[in-house]
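Chain and residue survey
Listed here are the chains, written in short residue letters.
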Amino acid sequence: MGEVRTIDPTSGEELASYRTATEEELDAVLDRAAATARRWGQLPVEERAEGLRRLARAMRERREELAQLATAEMGKPIAESRAEVDKCAWGLEYAAELAPAALAPEPVDTGALESYVRFDPLGVVLAIMPWNFPYWQVIRAGASAMAAGNVLVLKHADNVTGCSLALGELVAAADLPPGLLAPIVVEVERVAGIIADPRVAAVTLTGSTRAGRAVASQAGAVLKKSVLELGGSDAFVVLEDADLAAAADWLVRSRFQNVGQSCIAAKRAVVVESVADELVGRVVEGVGRLVVGDPRDEKTTVGPMARRDLRDGLARQVEGTRAAGAQLLVGGRVLDRPGWFYEPTVLDHVPPGSPGRVEEVFGPALSVVRVPDAEAALAVANETEYGLGSNLWTSDLERARTLAGRIQAGHTAVNGMTASDPRLPFGGIKSSGYGRELAWSTARLARRLRGARPPSEQPAVPVGGGPVEGHQADLLQSARGGEQSADRHLGGLLRGVAVGAGGDGREGDGTGAELLGDGQGPPVAGGQDLPFPPAPASPAGTDGVDDPAGRQAETRGGLGVPRRAAPQRSARRVELGGPRGPVDGAVHPAAPGQVLVGRVHHRVDRLDGDVPFHHHDRGSAHPSTIGSGTARWNGPRARPRGGACAADREAGRRIAPGGGPSAVSWPSAPWVWAWPARGTAELRRAA
């Protein structure tokens, strides 16, 4: 029996110690998880969804406690930790909202009396999770998997053991089965045995490429499904026609959020030479505005790195890159203070083959590579072994669509930054792993898909030769021509790519989405994790914000699911509907004073949180309850039948016949919702 210690990276002092589980204790956890999986998987999906909503409420109720614990254990600035907890609650609620429709049997016309596809849970999934987003990584992997009827056994990183155990406590607080999300404290050497255990059906890992290779080998040896989200060395490509001021702000935020410790951070800025001097100058200015300090201080934007060995490894990479010929513009040193602090760093003219160009640099250091043109930029973006995320900045959106398709990555953000989002598939290619999470990928990953007919009608072997292993390959591939594998389950070798905007992608309707933005306006708090906080004082923003202002979403076909759009200072379009008919849409705040409230049609929705807004309802068919940060439709819910809903800065005036949201106003600009007859809504700046 061993021991695990957690260390405060701000001071280097021990926080707590935990003994590792004995074999008997581990066996009991796996027994309980297996029993829970049998019961949980048989519950109606609506009951499971309500359980996830209770878990979301429990996280919100303990928001400050959870945030303080994450900051203490891994050094994340406190504002970012709060944002991470909020995003987890949102992700759980989103999975719960979509579960009944996403998991409903799908009828298939085969000429038989009845044929359909049914989605069944696999059972116990071993989740091996990292420390950098100690709550969101777990919820990202687990929300839709649990909604689909699976349970998680959680092997978390040792240095966030307190966060891991807190997640287990939340399950009890939400009155959920104790085996639904069961943390274990075990040595790394014991993981292979857990993967091989017959009670475990699958494994999901977020971690290093080296760890991914080991887990893939262990899972393959026992023929178990696996999903791997591994390292990244994301390129942030800036072309000659980009908005350089906005690009610099987003680049600083993407690189230095979470102290640079994000797999989808912009690690390599690939800049066309003609604009490189100006962009680099703006980036250096932005880095100078970052505040390094105690992560518990509300003003801090860059805290310590999570562990001493990580800080020392970053220092070696920076020195190796300088020795290869790179120019140090700012930073480049370990700070002389308690804890594991490293000064925010920018390296220019980073040469081929140097650590800053070929390795994953997991800390607050940016590598700048100058190139002559767009073709050279794509070559540099694709030269790395990784393929997780990417970013592309240009004012020509048609050009962006073409170039984004040539970047070898699981996600490309156009005029924004790569970020995870529950409404888009998340995962990488090449050495960044395989399989997809989010956008119901995890649920479809963590289930068997089997062709079924009523027993009296079903032959011994279904048509097609046997049970069908399935995944939403057909849904994801349209995002960017995804590759289908023979075994389409658990993501297989499928490459589902989303093109994102304004800092993250928006979920489409299951088919994938293309999202483009013009990048205008200051970034709202952004990063890998969480939507909708107030705008930050500094360009670096608040980590974990997954829904910065300003984006356009265009989706086509597939499952009808809700989507959200946050207005900003540019034209945006949101298409609602698919082959199954019109669906819901909602608009949420981009920043204080900027908000549209309510579902577009069919549903009553509520916006939670203390967010200032103005809601005007004059002669509407939808009386509204108005409060600080909360608005609810109480009247009849009619589908819009044409016309427009105008938002005016002085006074909102309802001019839409036949339903739709009431008019809303905010200070930045007037906007118009336009409703063509087919259910496509356009959010446009009013003339």
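Residues numbered from 1 in each chain as written. Predicted model: local features only at pLDDT ≥ 70, side-chain atom pairs only at ≥ 80, totals over all residues. Heavy atoms only, no water.

**Quick notes on the nonpolar core**
Quick reminder of the rule: Among the buried residues, those of types Ala, Val, Leu, Ile, Met, Phe, Trp, Tyr and Cys that are joined through side-chain atoms within 4.5 Å form a nonpolar core. Classification of residues uses two cut-offs on accessible area relative to the type maximum, computed with a 1.4 Å probe and protein chains only: under 20% is buried, over 50% is exposed, and between them is partly exposed. Per the convention used, a helix needs a DSSP run of H or I reaching at least four residues, while a strand needs a run of E reaching at least two, with both numbered from the N terminus. When checking whether two residues touch, look at their non-hydrogen atoms; a contact exists if any pair is within 4.5 Å.
M59, L92, L126, Y135, M146, L279 and V283 are the most contacted members of the largest nonpolar core, which has 140 residues in total. Here this core gets eight residues from one element, more than from any other, and that element is helix 9 (residues 244-256). Residues in contact with L279, not counting those within four places in the same chain, are V238, L244, A247, A248, L251 and V271.

**Considerations on the side chain of N159**
Within the fold, N159 resides in the loop between strand 6 (151-156) and helix 6 (161-173). What makes N159 buried here is its relative accessible area of 9%. Ignoring sequence-local partners within four residues, the contact set of N159 consists of T6, E73, W131, A306 and R307.

**Observations regarding the sheet that holds strand 5 (residues 124-129)**
Filter applied, for reference: Note on pairing: two strands pair once DSSP finds at least 2 bridges between them. Angles run from 0 to 180 degrees between N-to-C directions of axes, and those axes are lines fitted to C-alpha atoms, restricted for helices to the stretch in contact.
If you walk across this open sheet you meet the six strands as 7-6-5-8-9-19, and the pairing is mixed. Here the strands that pair on one side only, and so sit at the sheet edges, are strand 7 (181-184) and strand 19 (433-434). Of the pairings in the sheet, the one linking strand 5 to strand 8 (residues 202-206) comprises four bridges and is parallel in character. Paired with V125 across the strands is A202, a residue of strand 8. Sitting on the sheet, helix 1 (residues 23-42) is in contact with strand 5, strand 6 and strand 7, with an inclination near 150° to strand 6.

**Considering the environment of A247**
Relative to the helices and strands, A247 resides in helix 9. Residues within four places of A247 in sequence aside, it is in contact with F236, L279 and W393.

**Let's talk about the pairing of strand 1 (residues 3-7)**
With five bridges joining them, strand 1 and strand 2 (residues 14-19) adopt antiparallel strand pairing. Bridged to T6 within strand 2 is A16. Between the end of strand 1 and the start of strand 2, which pair antiparallel, lie six residues, with G12 showing a positive phi angle near 80°.

**What about the packing of aromatic side chains?**
Each aromatic ring pair is summarised here by two numbers: the centre-to-centre distance and the angle between the ring planes. Heads up, the condition is: The rule is short: rings of Phe, Tyr and Trp, with Trp giving its six-membered ring, pair when the centres are within 6.5 Å, and they are stacked under 30 degrees, edge-to-face over 60, tilted in between.
Tallied over the entire structure, the rule returns two aromatic pairs. Taken together, a centroid distance of 5.9 Å and an interplanar angle of 85° make the contact between W131 and F362 edge-to-face. Taken together, the residues span a long stretch of sequence, with W131 in the loop between strand 5 and helix 5 (136-147) and F362 in the loop between helix 12 (355-358) and strand 14 (365-371) at a distance of 231 residues. As far as burial versus exposure is concerned, W131 and F362 are alike and both buried. Summarising the aromatic geometry, the rings of F236 and W393 are spaced 6.1 Å apart at their centres and angled 25° between planes, so their arrangement reads as stacked.

**Quick notes on the packing of helix 3 (residues 63-74) against helix 6**
As a reminder, the rule being used: Every angle not falling under 35 degrees, over 145, or within 65 to 115 is termed oblique; those three ranges are roughly parallel, roughly antiparallel and roughly perpendicular. Here is the rule for handedness: rotate from the far helix to the near one, and if that takes an anticlockwise turn smaller than a right angle the crossing is left-handed, while a clockwise turn gives right-handed. Gly counts as polar in this scheme, as do all residues outside two lists: the nonpolar Ala, Val, Leu, Ile, Met, Phe, Trp, Tyr, Cys and Pro, and the charged Asp, Glu, Lys and Arg.
Two elements in contact, helix 3 and helix 6, have axes separated by 9 Å at closest approach and are oriented at 160°. Judged by the angle between their axes, helix 3 and helix 6 are roughly antiparallel. The two elements helix 3 and helix 6 cross, and the hand of that crossing is left-handed. Residue-level contacts link L66, L69, A70 and E73 of helix 3 to T161, G162, C163, A166 and L170 of helix 6. Considering only residue class, the contact of helix 3 with helix 6 consists of six nonpolar, two polar and one charged.

**Digging into the pairing of strand 14**
Within strand 14, seven of the seven residues are buried, which leaves the element mostly enclosed by the surrounding structure. Taking every second residue as pointing to the same face, both faces of strand 14 are buried, with A365, S367, V369 and V371 on one and L366, V368 and R370 on the other. Where strand 11 (residues 266-272) lies against strand 14, five bridges are found, and the strand directions are parallel. Bridge pairing in strand 14 links V271 to R370. Examined bridge by bridge, strand 13 (residues 345-348) and strand 14 share three bridges and lie parallel to one another. Note on strand 14: the bridge partner recorded for T345 is A365.

**Brief notes about unusual backbone geometry**
The residue D175 is not glycine, and still its phi comes out positive at about 60°. The residue D175 is located in the loop between helix 6 and strand 7 in this model. In this structure D175 comes out as exposed when scored by relative accessible area, which is 62%. Even without being glycine, H349 reaches a positive phi, approximately 55°.

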